[in-house]
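So the chains spell out like this:
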Amino acid sequence: MQLIDSGNAYYAFDSAEELDALRKDAESRKETFQYDCRSRNGLNNSLTISSEQTKQRLESGAHYTIRLKVPENTTIEFDDLIRGHVSVRSENIDDKVLFKSDGMPTYHLANIVDDHLMEITHVIRGEEWLPSAPLHVLLYRFLAWQAPLFAHLPLLLKPDGNGKLSKRDGDRMGFPVFPLEWNDPKTGEKSSGYRESGYFAEAFINMLALLGWNPGDEREVMTVEEMSQAFSLERVSKSGAKFDPVKARWFNHQYMMHKPVEELAAEFENELKKHGLELFDHQTMLTITQMLRERADFIKDLPASGAFFFKAPTEYNEVDLKKHSTADSGTWLASLSAIFATTEWTQENIDTAISSFISSNSVPAGKLYNILRIAVVGNSSGPHLADILFLLGAAETSKRMDSLIANL
RNA sequence: GGCCCGUUCGUCUAGUCGGCCUAGGACGCCAGGUUUUCAUCCUGGAAAUCAGGGGUUCGAAUCCCCUACGGGCUACCA
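Residues numbered from 1 in each chain as written. Chains lettered and ligands numbered in written order. Predicted model: local features only at pLDDT ≥ 70, side-chain atom pairs only at ≥ 80, totals over all residues. Heavy atoms only, no water.

A. Up close: the domain arrangement of chain A. Per the domain assignment, the segments making up chain A are domain 1 (2–153), domain 2 (167–255), domain 3 (259–304) and domain 4 (318–407). Relative placement of domain 2 and domain 3: their C-alpha centres are 25 Å apart. Of the residues lining the interface, nine residues belong to domain 2; the matching set on domain 3 comes to ten residues. Buried surface at the junction of domain 2 and domain 3, summed over both partners, amounts to about 780 Å²; 54% is from carbon and sulfur atoms. Along the contact surface separating domain 2 from domain 3 lie two salt bridges. Our enumeration of links across domain 2 and domain 3 arrives at five residue pairs in polar contact (both at pLDDT 80 or more). Element by element, the count of residues in the side of domain 2 that touches domain 3 is highest for helix α9 (residues 245–258), at four residues. A class-by-class count of the residues in the side of domain 2 that touches domain 3 yields three nonpolar, four polar and two charged. (Domains from an automatic or database assignment. Contact = heavy atoms within 4.5 Å. Buried area = accessible area lost by both parts, 1.4 Å probe. Salt bridge = Lys/Arg side-chain N within 4 Å of Asp/Glu carboxyl O. Polar contact = N/O pair within 3.5 Å; in protein donor to acceptor, adjacent residues only side chain to side chain. Helix = DSSP H or I, 4+ residues; strand = E, 2+ residues; numbered from the N terminus. Nonpolar A, V, L, I, M, F, W, Y, C, P; charged D, E, K, R; others polar.)

Encoded structure:
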């Protein structure tokens, strides 16, 4: 109302169908129809009819919208905290609908009123809002309200090709887009979330913060505390950033290494219980977690990569076995098993036993270590071998060696 | 199409007043090492003629202009 009285807004009686037709028509001539300061004088609104007629129409209950009257021939300017000075000619801004025909305000009006009432000082939003910022500036001006400071953040782009990141990309390439999993109530579509994919909240925030911003020094892994200390809008970059799923995993790994082992072990234990596996004592669980975390990106990977601690391998990795087994593998394992039987079971002694076996029998070290690893783990990767054997115990170790010998 | 914004290694970026930039770091990649594996760790390496072209200047990734390319917006959505 205030805007209409001050002449900065007007009633528009054009129907959606009429405008639609105009748009189609313009399109067929390869032009664009825009409801703005140049076209409004030829359209059906309170600017083109007398105030008497306007009054009549309003009283007769005709459908109408209220549009902003963008001034002619001026340049709207404002300073964006990230982009600097931005200016747009008023002819390029259309007379946006402020109130819809159902009497509800549109986002543009509601946004301004709401922010003003809440005494918002900084409007920080995505770059896709930049084109409508001049409109908002105008609204603040017409309402004689103090405009907030604007900052338009760069967009997150798809990892491959161009364009802004959408939830489809995540599904397509197998990484989450939303922080939390959510179900679209309208379509029933389910989108995966970072939390559900095993990302730590801190790692997620850290990764996201570094996309389009940096502290100005070479730090990358930072706590929320450190980031908020270092943060300033001035250091936000202007160009869009492609999201990198690989680096996202790296960030999570960093937090795997920094988090207290107890925390990881607790979650790890929960996962194991779900699989119905029997756990070791608390201290040993901590040791195992410590060994496993070094080569894992997520807690959820721990049960699979450390399964051998809790259960003898039921099958051996074909490729690894082929690569590391020789005609002598069985004989070596048998001899070594005999040596282990008389070895006092400490990491150091195990290491010594293996290396002296290698040197005294001129056995190729790589072949021996790997076949032994395959026997206890099932494949040729994992933590330091002596540490594994020590935790497993002499009896279990020998049992697993026998099993592999039988399978060679 | 129109308008607005952007453009430094494959990717994220440093580069704040032009000289210290033969452009730095990180992820990834490659090689070597940790006298066993590896997804860890260490060391090293390849990788951007700073989108292209003009200008300003003693000197430009840094300032200006043009072009190209990319993105965003273009609803009685937000």
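Read on for the rest.
B. Representation of the protein's contact with RNA strand B within the structure. What surrounds RNA strand B is a group of 52 residues, the closest being Lys100, Glu220, Arg295, Ser380 and His384. In the model, a base oxygen of RNA strand B is placed 2.7 Å from a nitrogen or oxygen of the Ser101 main chain. One of the backbone nitrogen or oxygen atoms of Leu210 is found 3.1 Å away from a sugar or linking oxygen of RNA strand B. Of all the elements in the fold, those that place two or more residues in the surface near RNA strand B are α2 (16–28), β2 (65–68), β4 (84–89), β11 (241–242), α9 and α17 (365–377). Of the residues belonging to the surface near RNA strand B, the class tally is 14 nonpolar, 20 polar and 18 charged. (Near = heavy atom within 4 Å.)

C. Examining the layout of surface pockets more closely. Looking at the largest pocket, its volume works out to about 460 Å³. Considering the residues around the largest pocket, the lining is formed by 21 residues, among which Leu153, Leu208, Ala209, Leu211 and Phe231 are closest to the centre. Mapped by element, the contributors of at least two residues to the lining of the largest pocket are β6 (122–126), α7 (201–209) and α8 (224–230). In the lining of the largest pocket, the residues fall into 16 nonpolar, three polar and two charged. Shared between two domains, the lining of the largest pocket holds at least three residues of each, these being domain 1 (2–153) and domain 2 (167–255). In this model, the second largest pocket occupies a volume close to 370 Å³. In terms of lining residues, the second largest pocket is bounded by 19 residues, among which Ala304, Ala307, Phe308, Val377 and Asn379 are the most central. Looking at the lining of the second largest pocket, the elements with two or more residues in it are α12 (302–305) and α13 (307–310). When its residues are assigned to classes, the lining of the second largest pocket shows nine nonpolar, seven polar and three charged. (1 Å grid on protein atoms, 1.4 Å probe; cavity = no way out; pocket = protein on both sides within 12 Å on 5 of 7 lines; lining within 4 Å. Points joined across faces, edges and corners; volume = space filled by probe spheres on them.)

D. Main features of the packing of aromatic side chains. A complete count under the given rule lists 18 aromatic pairs for this structure. Between the aromatic rings of Phe13 and Tyr64, the centroid separation amounts to 6.4 Å while the plane-to-plane angle is 65 degrees, which identifies the pairing as edge-to-face. One end of the pair, Phe13, is in the loop between β1 (9–12) and α2; the other, Tyr64, is in the loop between α3 (51–59) and β2, and 51 residues separate them in sequence. Classification of Phe13 by relative accessible area gives buried; the value is 7%. Each ring, one from Phe175 and one from Phe243, has its centre 4.8 Å from the other, and the planes form 40 degrees; the classification is tilted. In this pair, Phe175 sits in the loop between α6 (167–173) and β9 (182–183) while Phe243 sits in the loop between β11 and α9, placing the two residues 68 residues apart along the sequence. A relative accessible area of 5% means that Phe175 is categorised as buried. Within the aromatic cluster, the residues linked to one another by ring pairs are Phe175, Tyr194, Tyr199, Phe204, Phe243 and Phe298. Its end group placed over the ring of Phe13, Arg57 keeps NZ or CZ at 5.0 Å from the ring centre. (Phe/Tyr/Trp six-rings, centres within 6.5 Å; stacked < 30°, edge-to-face > 60°. Buried < 20%, exposed > 50% of the residue type's maximum accessible area, 1.4 Å probe, protein only. Lys NZ or Arg CZ within 6 Å of the ring centre and 35° of its normal.)

E. A look at the pattern of salt bridges. Under the definition given, this model contains 15 salt bridges. Between Arg40 and Asp95 there is a salt bridge; the shortest N-O distance is 2.9 Å. Note that Arg40 is positioned in the loop between α2 and α3 and Asp95 in the loop between β4 and β5 (97–99), a separation of 55 residues in sequence. For the pair Arg40 and Asp95, a shared accessibility class is recorded, and that class is buried. Lys259 is paired through a salt bridge with Glu202; the nearest N and O atoms lie 3.1 Å apart. A residue pair is termed long-range when its members are at least 10 positions apart, and Lys259 in the loop between α9 and α10 (261–274) and Glu202 in helix α7 qualify at 57 residues. Taking the relative accessible area as the measure of exposure, Lys259 reaches 13% and is therefore buried.

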